[in-house]
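Structure at a glance
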Amino acid sequence: MLVWLTRHLQTLVGALGDLSRNPFSSILSISVIAIALALPGGLFAALENINKFTSEFEHGAKISLFLAPQVSVKQATELQQSIQQHASIKLVELITPDQAMEEFKSRSGLQNALNSLTSNPLPVVLLAYPKDEIARSPEKLARLIDELGKLKQVELSQFDIEWIKRLTALLELVTRAVWVIAFILGLGVFLVIGNTIRLAITNRQEEIRIIKLIGGTDAFVRRSFLYSGMLQGLLGGLLALLIIFLLFSFISAPTSSLSSMYGIAFSLDPLHLLPSLLLVSSGALIGWLSARVTVGVYLRQFEPGK
Amino acid sequence: MLIEFSNVSKRYPEGHEALRDISFVIEKGEMVFLAGHSGAGKSTLLRLVTLIEHATRGQVIVNGQNLGRLKRRKIPYFRRQVGMVFQDHKLLHNLSVFDNVALPLIVSGFHPRDLRRRVHAALDKVGLLNRDRAKPITLSGGEQQRVGIARAVVNRPSLLVADEPTGNLDAGLSDEIFDLFHDFNYHGVTVLVATHDLRHIERLGKRSLTLSDGRMVQQANTAA
């Protein structure tokens, strides 16, 4: 056990030494691996964030009821209370024209233009939040919207369910596209590592022949290349994580200020722990597999007699 | 007996017939010279003994193993029983002298605790104990060959095989190398050395096999 362990440790240290002996080409190939892994990793993180964003939307599903201009705030309050009694409604909020104007001024940046208005043209708005079981069923929701829209005080009832449906369908498509990209780039990483291993084998062919001459098994020769491939994939994966993290912190501030303009508290999350581990370990796994295949193909060419 | 060749021929794929119908026996504990001009087949014969090549016809038995029947994955374990010395040393120049000599122990999974002692013993034997941290490239040709010999014996093989070990060395250094082989033989190691230098054969008075154009032309015992 001790012998086995020291032997593997020696090989690992040796593989690290090989990488540090050619720092330029090692950094180059690890960077290529990192970029190839960072792209699908970053896209997955972006998708995660978009999913989180849309689920927040669905959670806050609300029907906006724009009341007719002649309806006063007092009448609107009575209407609010009557809708509140409806079996499908969880909560109704009332926004007075003054509140709406204040909000509009603070967010639109049109403060000066709005100040010049002599009267407030905005109607009273009721925000009706349907109960969760209604919000989850598009048919029931449509019926409710229809019902509320027919109330005589209501001029316009609006619920943007269609765009969420379309966005969800689009996200499904994009997710599949990202999987395809991940597969292609994973294959790219496989080939990049395979190529560096092939070069390493060619550079060390004399060493391989000598090790075989003094009784080194194929497994012994193979081991250092397997470690080298695995290490490259691992370091590439870690660097990819770093790239994703930097990228997200770079666009995080503008994203939250943009989303706050839409009145949504939304912060960008970089990759979570589990997907991060998955990214790094798949890098290492691809590296190991690639080295295994490459060594299998090339090692037999370097028998001592040839 | 340690090595037995029975009607062995070797033809290379390009058609060159390197060995023709060779038969001989080397007993355990013997020291035998393999003589002949360059191109006579000495190297090919040693390549058959160390399984770098396989015989085209006939049977080669080393240490009780029929080499024609040895499976590919068993070859490394067979080679660990044979110490090999080469004309061009075949040292790894990115490793220190110590690491070069330790390599056969490392590849065979030798316990790290005893490794240092074994390597130092082998280096001491060839008189290079004080150079263990040097890189081979900084050593003279004779010293490099002695590192090669230390590497060949560190595993304590029962058979030591050398192909023109003094091919690039002057007479004085050659004598030192052959005296080392003689000494290993004295301690019980079977030694088979190929050389075109007849002077050593006469000086050490050992049996010699002479090859010419792939045929065994003489099996002489000069020890008498």
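Residues numbered from 1 in each chain as written. Chains lettered and ligands numbered in written order. Predicted model: local features only at pLDDT ≥ 70, side-chain atom pairs only at ≥ 80, totals over all residues.

In this section: the overall build of chain A. When you go through chain A residue by residue, the secondary structure sums to 11 helices and 4 strands. Here chain A holds 306 residues, and the buried ones make up 26% of them. Sequence-distant contacts, at least 24 apart, represent 83% of the contacts inside chain A between residues at least 6 apart. (Helix = DSSP H or I, 4+ residues; strand = E, 2+ residues; numbered from the N terminus. Buried ≥ 20, exposed ≤ 12 C-beta atoms within 10 Å, placed from the backbone. Contact = placed C-beta atoms within 7 Å.)

Turning our attention to the overall build of chain B. When you go through chain B residue by residue, the secondary structure sums to 7 helices and 10 strands. For 224 residues, the compact-globule estimate of 2.2 N^0.38 gives 17 Å, and chain B sits close to it at 17 Å. Overall size of chain B, expressed as C-alpha extent along the three principal axes, is 45 × 40 × 35 Å. Counting the 224 residues in chain B, one finds 44% classified as buried. (Rg over C-alpha atoms; globule rule 2.2 N^0.38 Å.)

Right, let's talk about the sheet that holds strand β4 (residues 154-158) of chain A for a bit. Residues and elements named next belong to chain A. Read from one edge of the open sheet, 4 strands run β2-β3-β1-β4, paired in antiparallel fashion. Of all strands in the sheet, those bounded by a partner on one side alone are β2 (89-95) and β4. Ignoring which end each strand starts from, the neighbouring axes of this sheet average 20° apart. Here 4 bridges tie strand β1 (residues 63-67) to strand β3 (residues 125-130), and the two strands are oriented antiparallel to one another. Bridge pairing in β3 places S64 opposite L127. Contacts between helix α3 (residues 73-84) and the sheet are confined to β1, β2 and β3, with β2 contributing the most and set at about 170° to the helix. (Pairing = 2+ DSSP bridges. Axes fitted to C-alpha atoms, helices over the stretch in contact; angles between N-to-C directions.)

Okay, the packing of helix α3 (residues 97-107) of chain B against helix α5 (residues 141-153) of chain B next. All names here are of chain B. It is at 7 Å that the axes of α3 and α5 come closest, and there the two elements cross at 30°. Overall, the two elements α3 and α5 adopt an arrangement that is roughly parallel. For the crossing formed where α3 meets α5, the hand is right-handed. Side by side, α3 and α5 meet where V97, N100, V101, L103 and P104 of the first sit next to V147, A150 and R151 of the second. (Parallel < 35°, antiparallel > 145°, perpendicular 65-115°, else oblique. Left-handed = near helix turned anticlockwise from the far one by under 90°.)

All right, on to unusual backbone geometry then. Residues and elements named next belong to chain B. Phi at N63 is positive, roughly 55°, even though this residue is not glycine. With respect to the helices and strands, the residue N63 is situated in the loop between β4 (57-62) and β5 (65-66). C-beta crowding within 10 Å serves as the criterion here: with 16 such atoms nearby, N63 is assigned to the partly exposed category. In this structure, R156 takes a positive phi of about 50° despite not being glycine. Relative to the helices and strands, R156 resides in the loop between α5 and β7 (159-163).

All names here are of chain B. One can describe the packing of α3 onto helix α4 (residues 112-125) by two numbers: an axis separation of 9 Å at closest approach and a directional angle of 120°. Taken together, the axes of α3 and α4 are oblique relative to one another. You can see that α3 and α4 cross each other, and the crossing is right-handed. Contacts between α3 and α4 pair F98, V101, A102 and L105 from the former with L115, R118, V119, A122 and L123 from the latter. Residue composition of the contact of α3 with α4, grouped by class: 8 nonpolar, no polar and 1 charged. (Nonpolar A, V, L, I, M, F, W, Y, C, P; charged D, E, K, R; others polar.)

Between chain B and chain A, the residue contacts involve 17 residues of the former and 14 residues of the latter. Elements with a minimum of two residues in the side of chain B that touches chain A: α2 (75-79) and α3 of chain B. Grouping the amino acids of the side of chain B that touches chain A by side-chain chemistry returns 9 nonpolar, 3 polar and 5 charged.

All names here are of chain B. As summarised here, the arrangement of the 4 strands in space is β2-β1-β4-β5, forming an open sheet in which the pairing is antiparallel. Single-partner strands in this sheet number two, and they are β2 (17-26) and β5. Sheet topology note: the strand β1 (residues 3-11)/β2 ladder contains 6 bridges and is antiparallel. Each bridged residue has a counterpart across the sheet, and for R11 the counterpart in β2 is E17.

Here chain B averages 90 in pLDDT, and 98% of its residues register 70 or above. Scored by ipTM, the complex comes to 0.89, with pTM at 0.72. (pLDDT = per-residue confidence, 0-100.)

So, on to the pairing of strand β8 (residues 190-194) of chain B. Residue and element names in this part refer to chain B. With 5 of 5 residues buried, β8 is to be regarded as a mostly interior element. A two-sided burial pattern is seen for β8, the buried positions comprising T190, L192 and A194 on one face and V191 and V193 on the other. The sheet contact formed by strand β3 (residues 31-35) and β8 spans 4 bridges and is parallel. Within β8, the position partnered with L34 by the bridge is A194. In this structure, β7 lies alongside β8, joined through 5 bridges in parallel fashion. Residue pairing in the sheet places A162 in a bridge with V193 of β8. On the question of chirality, the crossover connecting β7 to the parallel β8 by way of helix α6 (residues 171-186) is right-handed. (Right-handed = clockwise from strand over helix to strand, strands pointing away.)

In this section: the pairing of strand β9 (residues 207-212) of chain B. On a regular strand, one side chain projects to one face of the sheet and the next to the other, so that they alternate. Residue and element names in this part refer to chain B. As defined by bridge partners, β3 adjoins β9 across 4 bridges and the pair is classed as parallel. Pairing of V32 across the sheet is with R207, part of β9. Here β9 pairs with strand β10 (residues 215-221) via 6 bridges, running antiparallel. Note on β10: the bridge partner recorded for T210 is Q218. Taken together, β9 and the strand that follows it, β10, pair antiparallel across an intervening segment of 2 residues, in which D213 is found at a positive phi of about 50°.

What follows covers the environment of G172 of chain B. Residue and element names in this part refer to chain B. Along the polypeptide, G172 turns up in helix α6. Owing to 8 C-beta atoms within 10 Å, G172 belongs among the exposed residues under this scheme. Separated by 19 residues in the primary sequence, G172 and V153 have C-alpha atoms spaced 22 Å apart.

Moving on, we come to helix α9 (residues 205-213) of chain A. Buried within α9 of chain A are the following residues: E207, I208, I210, I211, K212 and L213 of chain A. On its buried face, α9 of chain A sits against α10 (218-261) of chain A together with α2, β6 (82-85) and α3 of chain B. Phi turns positive, to about 100°, at G215 of chain A, one or two residues after α9 of chain A.

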